[in-house]
Amino acid sequence: MSLERTPPYLQVVAALKAKIVSGELKHGDTLPSVRELAAEYGISTATAQKIHKTLKAEGLAEARQGSATTVSTRRTLHRTAADRLEAALSTGRIYADGEYAVITAAELAAPPEWVADLLGTEDGQAVRRERVTHNSDDQPVSASVSWFTADLAETVPALLVRERITGGTPSAIEAATGRRAVATEEATTAAAASEEQAALLGVSVGDPVLLSRNVYVDAQGDTIEVGESVAPAGRWRVHQS
C-alpha cells in the first residue's frame, strides 16, 4: 500500500481489517477509541472518527449507545480460501473463533471436469470433502467442497472421515507428505442460489450468492487442493495488498 497515495484513514482502516480477518481482533473485541487511534497513528480525532464510521458502514464494527465500538464479524465478514490458508499456516487453526464446520461428505467420487484438469486426475476418482461452516449463532456462513488426488486417501486417511481435521486439510497434508501449500489462486463471481445451495445456506432459491473457486499450490506450483464455495449475500470480503 502506498503511503503517499492512500489517505491516512484508509491506511488505518486496512490495518484494522487485516487484524479482523486474521482473527487477532475477534467478534466482540473493543476497537481502539477515537483518542487512542489519534494518539497511536498520529492523526486528528476527526480522522479517527472517520475510521470508526468506515468500519461500521462496512459492517465490521458496531457501537451501542453508551458503549465502546466493537468488532462485528458474525454476519458480515466472508473469509476467503486465502484467509483460511494463512490462518492454518500461521496459527494452526483454519476457522476463526466462533466458527465451526460440519463435514457433510468425505468420499471418493468423480470430480467435475474442471477439477480433474487442475488435479491432473486420470482414473476418474478424487477425494471429495464437503462442509458447511457456521458462526456462533449457528447460522451457515458458507458451504464448500474440497477435492484432492485419490492417492491422498491412503496417505492422509482422515480425508475420508466425516470429522473436522484439526488445523485444516493443508496442515494434515503437509504433516503426512511434506508438501506445504504456500499460495492460493482464487476466482469469484456473483450468482443466483440453486436449490441445493439455498438449502445449505438457509436462503431462498434465486437469492444472490458469492461463488468462489480456489486452488492451493505448493512451492513447485503443483496443485494440492481444489475447492469451490458459496456464501450468502451481505458478507464483506476483505483484501489487503
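All values reported here derive from a predicted model rather than from experimental measurement.

J.: So what exactly am I meant to see when it comes to the packing of helix α2 (residues 34-41) against helix α3 (residues 45-57) here?
T.: Relative placement of two packed helices is described by the angle separating their axes and the distance separating the axes. At a minimum axis distance of 8 Å, the contact between α2 and α3 shows a crossing angle of 115°. Along this stretch, α2 crosses α3, giving a crossing that reads as right-handed. Between α2, through V34, L37 and A38, and α3, the contact on the second element is made entirely by T45, A48, Q49, I51 and H52. Partitioning the contact of α2 with α3 into residue classes produces five nonpolar, three polar and no charged.

J.: How should the side chain of T54 be read in this particular structure?
T.: Relative to the elements of secondary structure, T54 occurs in helix α3. Dropping the residues within four chain positions of it, T54 is found in contact with Y9 and V13.

J.: Could you clarify how one ought to interpret the pattern of salt bridges in this entry?
T.: Oppositely charged side chains can pair when the atoms bearing their charge come close. Taken as a whole, this structure holds five salt bridges when the rule is applied. Note that E174 is salt-bridged to R180, the shortest N-O span being 3.1 Å. With a relative accessible area of 25%, E174 lands in the partly exposed category. When salt bridges that share partners are traced, they join E107, R128 and E130 into one network.

J.: Can you help me understand the pairing of strand β5 (residues 126-134) in this one?
T.: Each regular strand shows side chains that alternate between the opposite faces of the sheet. Taken across its nine residues, β5 has nine buried, putting it largely inside the fold. Across the two faces of β5 the burial is the same, with A126, R128, E130, V132 and H134 and V127, R129, R131 and T133 all buried. Both strand β4 (residues 100-109) and β5 contribute to a ladder of nine bridges, which runs antiparallel. When the sheet's bridge partners are listed, V102 is paired in β5 with V132. Examined bridge by bridge, β5 and strand β6 (residues 140-149) share nine bridges and lie antiparallel to one another. Along β6, the bridge assignment pairs H134 with P140. Linking β5 to β6, which pair antiparallel, is a turn of five residues; within it D138 sits at a positive phi near 65°.

J.: Help me understand the packing of aromatic side chains in this model?
T.: Within a pair of aromatic rings, the relevant descriptors are the distance that separates the centres and the angle that separates the planes. All told, the structure shown has zero aromatic pairs when counted by the stated rule. The ring of Y9 carries the charged tip of K50 above its face, separated from the ring centre by 4.3 Å. Sitting over the face of the ring of W114, R213 holds its NZ or CZ atom 3.9 Å from the ring centroid.

J.: Before we go on, may I ask you to explain unusual backbone geometry in this structure?
T.: Backbone geometry follows two general trends: most residues other than glycine have a negative phi, and most peptide bonds adopt the trans configuration. Phi is positive for D138, close to 65°, though the residue is something other than glycine. Within the fold, D138 resides in the loop between β5 and β6.

J.: Even after reading the chapter, I still don't get the confidence of the model for the chain, so can you show me in this structure?
T.: Detailed reading of predicted coordinates is not advised where the pLDDT is low. For the chain, per-residue confidence averages 86 on the pLDDT scale, and residues scoring 70 or more make up 90% of the total. Ranking the elements of the chain by mean pLDDT puts strand β3 (residues 77-78) last with 66 and β5 first with 95.

J.: What exactly am I supposed to notice about helix α1 (residues 8-22) here?
T.: Every α-helical turn comprises 3.6 residues, leaving residues that sit three or four positions apart pointing alike. The end-to-end C-alpha distance of α1 is 22 Å, a good match for the 21 Å that 15 residues give at a rise of 1.5 Å each. Residues Y9, V12, V13, A14, L16, K17, I20 and V21 constitute the buried set of α1. After α1 finishes, the residue G23 shows a positive phi value of roughly 95°.

J.: Sorry, what's going on with the sheet that holds strand β9 (residues 223-232) here?
T.: Sheet strands pair via backbone hydrogen bonds, and the direction of the pair is either parallel or antiparallel. Here we have six strands laid out as an open sheet, ordered β4-β5-β6-β9-β8-β7, and antiparallel in their pairing. On the outer flanks of this sheet lie β4 and β7 (183-192), each paired with one strand and no other. Averaged over all adjacent pairs, the angle separating strand axes in this sheet is 15°, with direction ignored. Across five bridges, the pairing between β6 and β9 is antiparallel. By the bridge assignment, S144 is partnered in β9 with S229. Running at roughly 170° to β9, helix α7 (residues 168-177) makes contact with β5, β6, β8 (208-217) and β9 of the sheet.

What counts as what
Residues numbered from 1 in each chain as written. Predicted model: local features only at pLDDT ≥ 70, side-chain atom pairs only at ≥ 80, totals over all residues. Heavy atoms only, no water. Axes fitted to C-alpha atoms, helices over the stretch in contact; angles between N-to-C directions. Helix = DSSP H or I, 4+ residues; strand = E, 2+ residues; numbered from the N terminus. Left-handed = near helix turned anticlockwise from the far one by under 90°. Contact = heavy atoms within 4.5 Å. Nonpolar A, V, L, I, M, F, W, Y, C, P; charged D, E, K, R; others polar. Salt bridge = Lys/Arg side-chain N within 4 Å of Asp/Glu carboxyl O. Buried < 20%, exposed > 50% of the residue type's maximum accessible area, 1.4 Å probe, protein only. Pairing = 2+ DSSP bridges. Phe/Tyr/Trp six-rings, centres within 6.5 Å; stacked < 30°, edge-to-face > 60°. Lys NZ or Arg CZ within 6 Å of the ring centre and 35° of its normal. pLDDT = per-residue confidence, 0-100. Expected span 1.5 Å × (residues − 1).

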